[in-house]
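# Chain and residue survey
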Amino acid sequence: MTEIVLPILLPFALIILLVFIRKVNYAKWIGIIGSALIAIVAIYIFINTLNNGVLVLYVGGWKAPYGITLVVDMLSGIMLVVTSFLVLSISIYAYHFIKNNKQFSRFFLFFFALIMGVNGTFVTGDIFNFYVWLEVIMLSSFVLITMGSEKKQLEGGIKYMALNLIASLFFLAGIGLLYGKTGTLNMAHLAKILTNDQQSLFMNTSAMLFFIALGIKAAIFPLFFWLPASYHTANITVTSLFAGILTKVGVYAFIRLFTLFFVQDAYFWHNLLLISAGFTMVIGGMAASIQYDVRRILSYHIISQIGYMIMGLGIYTPLAIAGAIFFTVHNMIAKTNTFLVSGIMNKLKGTFDLKSMGSLLKEQPLLAVLFIIPAFALAGIPPLSGFFAKFILIKSGIEDGHYVIIAIAVLTSLLTLYSMIKIWSEAFLKKQPDDITIPNSKPIRFTVFIPSIMLALGSVLLGVFAASFFDLTMEAARQLMEPSEYINAVLGADVK
Amino acid sequence: MEILLVALIGLLYAGGVYLILRRSLLKFIIGIIFLSNATNLLVFISAGIVHGKPAFVTGGDADPSSMADPLPQALVLTAIVIGFGIVIFTLALKSKFYSVTDKDDSDEIKETDI
């Protein structure tokens, strides 16, 4: 089972290779080929998990709970595959959208550093190791978000940095207190100790520190302000990458930690999650509807959609967790795609401002189709992926009697639809305003559309084969809700 | 010894929070350094302080309950190294930002907000 270290080692090898590549053009090809390799590895690991259950690797031969353990269960497998799919499409996208100048010459180096960190968080089974991967993600994302060194990017970078630094301090303090109370860092061992622990008040201090840290990472209600202040400033390739992957690492960590070992005092935690999920959905959706910059609309939208995933965790039935995972996957694909399309719109019109765009439907019918698929998927129109994701979540909520949050979720769907229609009517239907002169751009080649077509196909296929994918998420949810399989795979039966 | 360290941690947290609420970006970064040192100390004393008993076993039986726990020390070393890297990066970003915009006041950087 040594293959589960490959999602970390492969990006690392690519980083070392890219240190020596100075030409951006070569780096771009290495980026595409490397991403394809990572995707193959991810699919191989996923198939292995499907056949053999939870995969475990004791790094350096140190048995759990003493050494660092890498664990891949169904949830990690799904996340690895989806992430690598996004990474592949974004690396193709970067071929056209990363300029061949000196400032971007190191783009792919930090791109793969980010991927290494993200894959690391998905496969690790050790809470301190998780922290280290979060720091890897954070440092490489600092570099990526300020790449280009424009005034706005530096300003956005400072805001992004400030709150994320505080988040990582909270996380580390949480680990310190957790270790002080339990004497272990292995997540399976923690689960074994804490599921039998009734001193819930004692654990709540650590859990709250983790909640705040991950809340900042995932951008939930009172903690999301760094996201809309920084995401719209970076290069559009970077923004697409962050939008698809970064906040979802926070969501993954929420699902992992709050199903595996922060299970005491469930009434308090689940209600807290539901309340912040409700506010996240509504405030994100409303803030999106007053914006006129495409990237700002979509950035607020990320926040609104995070609410649905947290809502699934807050309802906390197997069906709801499965819905949250389904929603996360659907959202990663569709959200990234809307950002990719907004980058192409910018390439055509030279702006992200909706007021000075128009006539795109007549000029670029293919682009219109590529926008409408993820937009409808996000709004939840059948037969696209978003409909099934929301359907599962809402069904689970009704079964469990959470009517208020369900009402909020349904109403937020309308807000989503509203802001998508706004982009559609302003950029695609409306006639191009006469007083705006478009900087004459070269006609774009078909290859620019390829990553967007890949992701649109992903949204459609996820909707068409929703039943079989739902079975996978149900299996993942079952593993999460009955952690004994995870614990036994890591620790064996004999560790107390 | 522990009570002294606990008091120090509290002081560092208080100072750090005060500093990150200041308007100057440089003071914000100093505040982050304070907070990260406080957090490192918090992790360090999470296993308690044992005086003069390093965890070296030279053959034979050893009683683990009387020795210092080496794991928090290893964690703190890792966290310190990460902290160094991050502080260097934030200082570099701050100096770049200052050279581009001539601003150090967080009340003046509102361009990317709503």
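This is a predicted model, so every value here is computed, not measured.

Definitions and cut-offs
- Residues numbered from 1 in each chain as written.
- Chains lettered and ligands numbered in written order.
- Predicted model: local features only at pLDDT ≥ 70, side-chain atom pairs only at ≥ 80, totals over all residues.
- Helix = DSSP H or I, 4+ residues; strand = E, 2+ residues; numbered from the N terminus.
- Rg over C-alpha atoms; globule rule 2.2 N^0.38 Å.
- Buried ≥ 20, exposed ≤ 12 C-beta atoms within 10 Å, placed from the backbone.
- Contact = placed C-beta atoms within 7 Å.
- Axes fitted to C-alpha atoms, helices over the stretch in contact; angles between N-to-C directions.
- Parallel < 35°, antiparallel > 145°, perpendicular 65-115°, else oblique.
- Left-handed = near helix turned anticlockwise from the far one by under 90°.
- Expected span 1.5 Å × (residues − 1).
- Pairing = 2+ DSSP bridges.
- Nonpolar A, V, L, I, M, F, W, Y, C, P; charged D, E, K, R; others polar.
- pLDDT = per-residue confidence, 0-100.
- Core = buried A, V, L, I, M, F, W, Y, C linked by C-beta atoms within 7 Å.

In terms of helices and strands, chain B carries three helices and zero strands. Moving toward the C terminus, one meets the helices and strands of chain B in the order α-α-α. Against the 2.2 N^0.38 benchmark of 13 Å for 114 residues, chain B shows a C-alpha radius of gyration of 20 Å, more extended than a compact globule. Looking at chain B as a whole, 25% of its 114 residues are labelled buried. A fraction of 60% describes how many contacts in chain B between residues 6 or more apart in sequence connect residues 24 or more apart.

What follows concerns the overall build of chain A. Looking only at helices and strands, chain A has 20 helices and two strands in total. On C-alpha atoms alone, chain A measures out to a radius of gyration of 22 Å, which is about the 23 Å that the 2.2 N^0.38 rule sets for 496 residues. Expressed as lengths along the three principal axes of its C-alpha atoms, the size of chain A is roughly 75 × 55 × 40 Å.

On to the environment of Ser419 of chain A. Residues and elements named next belong to chain A. Relative to the helices and strands, Ser419 resides in helix 17 (residues 403-429). Residues Ser419 and Leu455 lie 36 residues apart in sequence; the distance between their C-alpha atoms is 21 Å. Ignoring any residue separated from it by four or fewer positions in sequence, one finds Ser419 in contact with Ala288, Ser289, Ile297 and His301.

It is worth spelling out the packing of helix 12 (residues 294-315) of chain A against helix 17 of chain A at this point. Residues and elements named next belong to chain A. The interhelical angle for the contact between helix 12 and helix 17, taken along N-to-C directions, is 160°, at an axis separation of 11 Å. Between helix 12 and helix 17, the angle falls in the class roughly antiparallel. Between helix 12 and helix 17 the crossing geometry is left-handed. On helix 17, the residues touching Val294, Ile297, His301, Ser304, Tyr308 and Met311 of helix 12 are Ile405, Ala409, Thr412, Thr416, Ser419 and Ile423.

Residue and element names in this part refer to chain A. The first and last C-alpha atoms of helix 2 (residues 24-52) sit 41 Å apart over 29 residues, in line with the 42 Å expected at 1.5 Å per residue. Within helix 2, burial applies to Val24, Ala27, Lys28, Gly31, Gly34, Ser35, Ile38, Ala39, Ala42, Ile45, Phe46 and Thr49. Buried residues belonging to helix 2 abut helix 1 (6-19), strand 1 (55-58), strand 2 (69-72), helix 3 (74-97) and helix 4 (107-123). Two residues or fewer after helix 2 comes Gly53, characterised by a positive phi angle close to 80°.

Residues and elements named next belong to chain A. Covered by surrounding structure in strand 2 are Thr69 and Val71 together with Leu70 and Val72, the residues of both alternating faces. Note: strand 1 against strand 2, four bridges, orientation antiparallel. Each bridged residue has a counterpart across the sheet, and for Val56 the counterpart in strand 2 is Val71.

What follows is about the packing of helix 11 (residues 266-289) of chain A against helix 12 of chain A. Residues and elements named next belong to chain A. For the pair helix 11 and helix 12, the least separation of the axes is 7 Å and the interaxial angle reads 160°. With respect to helix 12, the axis of helix 11 lies roughly antiparallel. The handedness of the crossing between helix 11 and helix 12 is left-handed. Here His270, Leu273, Leu274, Ser276, Ala277, Gly278, Thr280, Met281, Gly284, Gly285, Ala287 and Ala288 of helix 11 lie close against helix 12, whose contacting residues are Ile297, Tyr300, His301, Ile303, Ser304, Ile306, Gly307, Tyr308, Ile310, Met311, Leu313 and Gly314. Class assignment of the residues belonging to the contact of helix 11 with helix 12 gives a composition of 14 nonpolar, 10 polar and no charged.

Averaged over all residues, the pLDDT of chain A is 90; the fraction at 70 or higher stands at 97%. The least confident element of chain A, judged by mean pLDDT, is helix 14 (residues 360-363) of chain A at 86; the most confident is helix 4 of chain A at 95.

Contact residues are listed per partner, giving 29 residues for chain A and 28 residues for chain B. Put simply, the parts of the chain that give the side of chain A that touches chain B at least two residues each are helix 5 (127-145), helix 6 (151-182) and helix 9 (226-230) of chain A. When residues of the side of chain A that touches chain B are assigned to their parent elements, the largest contribution, 19 residues, is made by helix 6 of chain A. When grouped by side-chain class, the residues that make up the side of chain A that touches chain B number 16 nonpolar, eight polar and five charged.

A word on the nonpolar core. Membership of the largest hydrophobic core comes to 219 residues, with the highest contact counts inside it found for Phe254, Ile255, Leu313 and Ile325 of chain A. What Phe254 of chain A contacts, discounting residues up to four positions off in sequence, is Leu214, Ala218, Ile310 and Leu313 of chain A.

Further remarks concern helix 20 (residues 484-491) of chain A. Residue and element names in this part refer to chain A. For helix 20, every residue scored as buried is listed here: Tyr486, Ile487, Ala489, Val490 and Leu491. Residues of helix 20 that are buried make contact with strand 1, strand 2, helix 7 (187-195) and helix 19 (466-481). Following helix 20 by one or two positions, Gly492 adopts a phi angle in the positive range, close to 75°.

To continue, consider the confidence of the model for chain B. For chain B, the mean per-residue pLDDT works out to 88, and 98% of the residues sit at or above 70. Here the prediction assigns the complex a pTM of 0.94, and the interface score ipTM is 0.94.

Let's shift gears to unusual backbone geometry. Trans peptide bonds make up most of the peptide bonds, and negative phi angles are found at most residues other than glycine. Residues and elements named next belong to chain A. Following Pro382, the chain continues into Pro383 via a peptide bond in cis, with omega recorded as 5°. Among the secondary structure elements, Pro383 is positioned in the loop between helix 15 (365-379) and helix 16 (385-400). Notably, Ser149 is not glycine yet its phi reads approximately 55°, a positive angle. For Ser149, a count of 14 C-beta atoms within 10 Å translates into the label partly exposed. Despite not being glycine, Ser359 shows a phi value in the positive range, around 60°.

Residue and element names in this part refer to chain A. Tracing the chain through its elements places Gly284 in helix 11. Along the primary structure Gly284 and Leu415 are separated by 131 residues, whereas in three dimensions their C-alpha atoms are 9.4 Å apart. The residues touching Gly284, leaving out its near neighbours within four places in the chain, are Tyr300, His301, Ile303, Ser304 and Gly307.

Secondary-structure assignment places Tyr26 of chain A in helix 2. Once the C-alpha coordinates of Tyr26 of chain A and His301 of chain A are considered, the two residues, 275 residues apart in sequence, prove to be 35 Å apart.

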